[in-house]
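Results of the structural survey
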Amino acid sequence: MKKVIKSKAFSEKSNAANVTCAIRISAMAVTFFFFCKLALFAQAGSSGLFFSSHEAVQDDRTSLCLTPGKPFRFSEGFSLEFDVNFRRDDGYYGYIFRIIANGDTNIDLASNAAPGDSNIWLVYKDEILLSYKWADLPSVDFEQWVRVRIDFDAGNARLTTFFNEKRQEIQLPGLSRLKDFQIYFGICKAPGFHSTDVCPMSIKNISVYKPNQKLFRQWTLGKHYGNKTYDNIQSAEAWTENPHWLTDKYIRWQKLTEVKAENLNGVTSDAIGKGIFFLDDKAAYYLHYKSLDIDTIPFTEKQPYREESGHNVVYNKYTGELWSYDFTSPVINRFDLKTGKWTVNRPETSLPDYGHNNKFISAADSSLVAILGYGHYRYKGAVNIYDRKESAWKQIDRSDQIAPRYLSGAGYLNDNKILVFGGYGSKSGRQELSPRSYYDLYEFSLLDYSFKPLWTLPAPRLPFVPAETLVADSSTDSFYALLFNNGYYDSYLQLARFSISRPEMKIAGDSIPFKFRDSETWSYLYLNEEKSKLIAVISHRNTIALYAIAYPPLATEEVLQPLPASGFPLSYGMGAVLFAGSAFLLFVVLKKRSRRIAMKASISLEPLSVIKRRRVSAIYLLGGFQAFNAKEEDITSAFSPTLKQLFLFLLFHSAKERKGVTSALLDEALWHDKKTGGSARNNRNVNISKLRAVLEEAGSVEVINRNSLWSLQFGDTMYCDYLEVMELISKAKTDVLSTNETCRLAGLLHAGELLPDLQAEWAASCKSDYTKEVADTLRLLLNRPENKDNATLRYPIAELLQTIDPLNEEAILIKKSSRKSIL
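Below, the discussion takes up the overall build of the protein chain. On a plain count of helices and strands, the protein chain comes out with ten helices and 51 strands. In the protein chain, 59% of the contacts between residues at least 6 apart in sequence involve partners at least 24 apart. Accessible surface for the protein chain amounts to roughly 36,700 Å². Of this, 50% is attributable to carbon and sulfur atoms.

So, in structure tokens, the structure goes:
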């Protein structure tokens, strides 16, 4: 064993998390009214921003700026309210927030969790105004959300703080002169006030109120778009660096551990969601989900059955035993976890007759029930029941109710019913007669052993089969399954949520790399209620890997915040109609004023283009990877991690003046871990074939090999935002961009960072080169003679440049001068 640690006994405390979305309708009146809908996460655990602190080097710590464009202006004061959660053991001292007023005055909330006279201070310039001790704060502890409120009352020169309901107040004569406020959480990059000491914390539900308690800004820090998040009132941006969004744990699998066994002989759940058992030739092992510790129970007498290509072991929670079974033996081989003894000894290995069967322990009589399977070139539609009284197997042929198959997914709906989904087989049961994947759902009864059909999905674009176990939730009429394409060895597991009552399917979370060979690979999905996580268990040869994702998982689009149009998230048809009418009214009202300003400042008031993303045959890289096919369907999930990297590697080496990439360079970047050139070549060929299949549906883009160089060739009907940006950048270097083209470039760049979630080593230089190209082009555009007097154009360009280089003095000065010219 790679890891053998003795740990504590099982704990049975559960704490299920729940994520819900609420629709907020906000009405704003200026000279027009319009509505927008925002999906908000109501459950505390689903929103928030985790701040990397002293556990990370300075470059990797987290910053959140609420005022990236210009300071908030409050002549009579304001209130700042938020929830904070303090962590243990990540260092002590750090800033919760820094407020820079009038550009020259700091108001800081800092903390030090170490034992001492005080733990939290409110600082004005270099003076401590107020302080708190942990012991003085009501219901405040580590790993708990605390509500904090700071009231800045300029009229009465008074500053009031609240920690939960603990109130302190102080007179601050200098408060009345402060009008402009920049607000930073964590790292502060304001000129003259730069600091990298970050409180070990998480923040959520930030609200800013005007003096009349009217809500001015509200960032829940739930949904986000790359390194930006938009508030619920006016879609105002807040910018982050090194963000760790708490919502992402609902869309990203985290690898927990990987262990190796000697001659692995089966994996099974403990039936209470706390961990798994697995066997080899020497011992049984129990791996705890919570601690990842492993208990070792050596075999003291006899051995489990061993079946070639079989994992026929199950934990019987009613007897507290591990059962090893073989359909050719009339006796169940039972393992006593206390004594380490098996009841039967049969060292020889048998050939499987029901490989990849689904097994259950019946609540009615604690008997073993195994369904379906494959062996001797035939798919099976049989139900095998082990009768404990008779000590014999009983078989019922149900191929008249369900097509013979294996690789099905199954899970308990309740004590007497099992959901059985999908699989691979054929109507006749014969392997040579039209085998296919099935996408149907059945209800299997543990009372009469019958299958009842519930629904059938239409055949998907790419075939799939489910992992052996699925997780059902009758309270939400749904079940979760891990899916993979059994037609490939180098595949991936994709989580999906299905309705029980209707043929509906929705992809959730990202994917897990997965190597499949039916004689060597098993995969399982379990629910750990104690930690509210789904656990994926992958058994490949003698290696077991565990992954976790928060439960219930979300689709990527449920976390991705829609980009606002013209400053507001009008992503619905009604919003677009209202906006068009409102824009006309606004034009009529401001027409004279616009002319007057234009004449006075001698500038063009041509507005920046609002970039509306097309959904037909399009691939986006800015702000995050997203792909659509010719039917306007989101096919992002069709790009597994490997396919995505392959596509992007080819794209970066096809753009600009690059002619493509050699097979050797491609193998070195993506398959450098392969021991032989043949292995890397096989992986390359398989994945290029898979990528071609995905791109064929996306639109007119092809993978080609010309003169021994691999590259991508885009047709006229296929769109990519990265390629358009690079084309505009290339033109800007050799020619003059028109105002419309400049606006177009700025609008595209406004979508966000290039592939913020791509962390591959090879991609670092590509992303760095891109950032430098963008920054150089923005500086070039700012200094073009034709743009010198166009303040409405220079301001957003300078804003974009400051996003890349926050301390760029030229961008800061241009923004200030442009804002004055416009106003």
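Remark: helix α3 (residues 641-652) packs on helix α4 (residues 663-670), axes separated minimally by 11 Å, with the N-to-C direction vectors making an angle of 135°. When the axis of α3 is compared with that of α4, the two are oblique. Between α3 and α4 lies a crossing whose hand is right-handed. Taken together, the residues of α4 that come into contact with α3 (itself represented by Gln645, Leu646, Phe649 and Leu650) are Leu665, Leu666, Ala669 and Leu670. Of the residues that constitute the contact of α3 with α4, the class distribution is seven nonpolar, one polar and no charged.

Bringing the packing of aromatic side chains into the picture now. The final tally for this structure, using the stated rule, is 54 aromatic pairs. Through pairs of rings, three or more aromatic residues link up here, namely Phe72, Phe74, Phe78, Phe152, Phe181 and Phe216. Against the face of phenylalanine 216 rests arginine 217, its NZ or CZ located 4.0 Å from the ring centre. Here arginine 405 stacks its cationic end above the ring of tyrosine 438, 4.3 Å away from the centre of that ring.

So, on to the sheet that holds strand β27 (residues 321-324). Hydrogen bonds between backbone atoms are what pair the strands of a sheet, whose relative direction is either parallel or antiparallel. Pairing within the open sheet is antiparallel, and its three strands lie in the order β26-β27-β28. Single-partner strands in this sheet number two, and they are β26 (313-316) and β28 (333-336). Going across the sheet, the axis of each strand differs from the next one's by a mean of 30°, ignoring polarity. The pairing of β27 with β28 spans four bridges and is antiparallel. Looking at β28, one finds that tryptophan 323 is bridged to arginine 334.

Counting 69 residues, the largest nonpolar core has Leu621, Phe647, Leu666, Tyr722 and Trp762 as the members making the most contacts within it. Beyond its immediate stretch of four places on either side in the chain, phenylalanine 647 contacts Ile619, Phe625, Phe639, Leu691, Leu695, Leu712 and Phe714.

Attention now moves to α4. The periodicity of an α-helix, 3.6 residues per turn, causes residues three or four places apart in sequence to face the same way. Every buried residue belonging to α4 is among Leu666, Asp667, Ala669 and Leu670, and all of these are buried. The buried residues of α4 occupy one face: seen down the axis, they fall within an arc of 165°. Counted as exposed and oriented over 90 degrees from the buried face of α4: Ala664 and Glu668.

To continue, consider the sheet that holds strand β46 (residues 543-550). Within the open sheet, the four strands sit side by side as β20-β46-β45-β44. Their pairing is antiparallel. The sheet is open, and its two edges are formed by β20 (254-260) and β44 (521-528), each paired on a single side. The mean inter-strand angle of the sheet, taken between neighbouring strand axes irrespective of direction, is 15°.

For the rest of this paragraph, the subject is the pairing of strand β23 (residues 283-288). By the criterion of burial, β23 is predominantly enclosed, with six of the six residues buried. Where strand β22 (residues 275-279) lies against β23, five bridges are found, and the strand directions are antiparallel. Note that in β23 the partner of glycine 275 across the bridge is histidine 288. What sits between the antiparallel neighbours β22 and β23 is a turn of three residues. Here β23 runs beside strand β24 (residues 294-298); their pairing, made up of five bridges, is antiparallel. Paired with alanine 283 across the two strands is proline 298, which belongs to β24.

Turning to the pattern of salt bridges, a few remarks are in order. Following the criterion strictly, the structure yields 38 salt bridges and no others. Across the pair lysine 255 and glutamate 258 runs a salt bridge, and its minimum N-O distance is 2.8 Å. Overall, the relative accessible area of 32% leaves glutamate 258 in the partly exposed class. For arginine 613, the salt bridge is made with aspartate 721, and the minimal N-O distance between the two is 3.7 Å. Taken together, the residues arginine 613 in the loop between α2 (573-601) and β47 (618-620) and aspartate 721 in helix α6 (residues 721-734) connect sequence positions 108 residues apart. Its relative accessible area of 2% is what places aspartate 721 among the buried residues. Three or more residues are tied together by salt bridges with common partners; here these are Glu81, Asp83, Arg147, Arg149 and Asp151.

A complete count under the given rule lists zero disulfides for this structure. The structure places no disulfide on cysteine 188, whose sulfur is separated from the nearest cysteine sulfur, that of cysteine 65, by 8.2 Å. By relative accessible area, which is 0% here, cysteine 188 ends up buried.

With that out of the way, let us pick up unusual backbone geometry. Note that the residue after tyrosine 551, namely proline 552, is joined by a cis bond; omega there is 0°. Summarising the element assignment, proline 552 is placed in the loop between β46 and α1 (556-559). Phi is positive for leucine 292, which is not a glycine, with a value near 65°. Relative to the helices and strands, leucine 292 is located in the loop between β23 and β24. Non-glycine residue serine 708 carries a positive phi angle of around 65°. Assignment of secondary structure puts serine 708 in the loop between β49 (701-706) and β50 (709-714). Residue class for serine 708 comes out exposed when judged on its relative accessible area of 55%.

The rules behind the values
- Residue numbering note: each chain is counted from 1, following its sequence as written.
- Per-residue local features of the predicted model are confined to residues with pLDDT of at least 70, and side-chain atom pairs are confined, for both listing and counting, to 80 or more; whole-chain, interface and lining totals are unaffected and use all residues.
- Side-chain measures were taken over the full set of non-hydrogen atoms in the model, leaving aside hydrogen atoms and water.
- Helix and strand definitions here come from DSSP, where helices need a minimum of 4 consecutive H or I residues and strands a minimum of 2 consecutive E residues; each element is numbered from the N-terminal end.
- Should any heavy atoms of two residues lie within 4.5 Å, those residues are counted as being in contact.
- Each accessible area is a Shrake-Rupley result for a 1.4 Å probe, and residues are judged covered by the shown protein chains and nothing else.
- The convention used is that axes are lines fitted to C-alpha atoms, helices contributing only their stretch in contact, and that angles between N-to-C directions extend from 0 to 180 degrees.
- Just so you know how the angles are binned, under 35 degrees is roughly parallel, over 145 roughly antiparallel, 65 to 115 roughly perpendicular, and the rest oblique.
- If you view the pair so one helix is near and one far, a crossing is left-handed when the near helix is turned anticlockwise from the far one by less than a right angle, and right-handed when it is turned clockwise.
- Side-chain classes follow a simple rule in which Ala, Val, Leu, Ile, Met, Phe, Trp, Tyr, Cys and Pro form the nonpolar group, Asp, Glu, Lys and Arg form the charged group, and the remainder, Gly included, forms the polar group.
- Stacked, tilted and edge-to-face are the three classes applied to pairs of Phe, Tyr and Trp rings, where Trp contributes its six-membered ring and a pair requires centres within 6.5 Å; stacked means planes under 30 degrees apart, edge-to-face means over 60, and tilted covers the rest.
- Here, a charge over a ring is recorded when the distance from Lys NZ or Arg CZ to the ring centre is within 6 Å and its angle to the ring normal is within 35 degrees.
- Think of it this way: DSSP has to see at least two bridges between two strands before they count as a pair.
- Put simply, buried Ala, Val, Leu, Ile, Met, Phe, Trp, Tyr and Cys residues joined by side-chain atoms within 4.5 Å make one nonpolar core.
- Here's how the labels work: a residue is buried when its accessible area is under 20% of the maximum for its type, exposed when over 50%, partly exposed in between, all with a 1.4 Å probe on protein chains only.
- It is the directions from the helix axis to the C-beta atoms whose arc is reported.
- A carboxyl oxygen of Asp or Glu within 4 Å of a side-chain nitrogen of Lys or Arg is what we treat as a salt bridge.
- By definition, disulfides here are pairs of cysteine sulfur atoms that lie within 2.5 Å.

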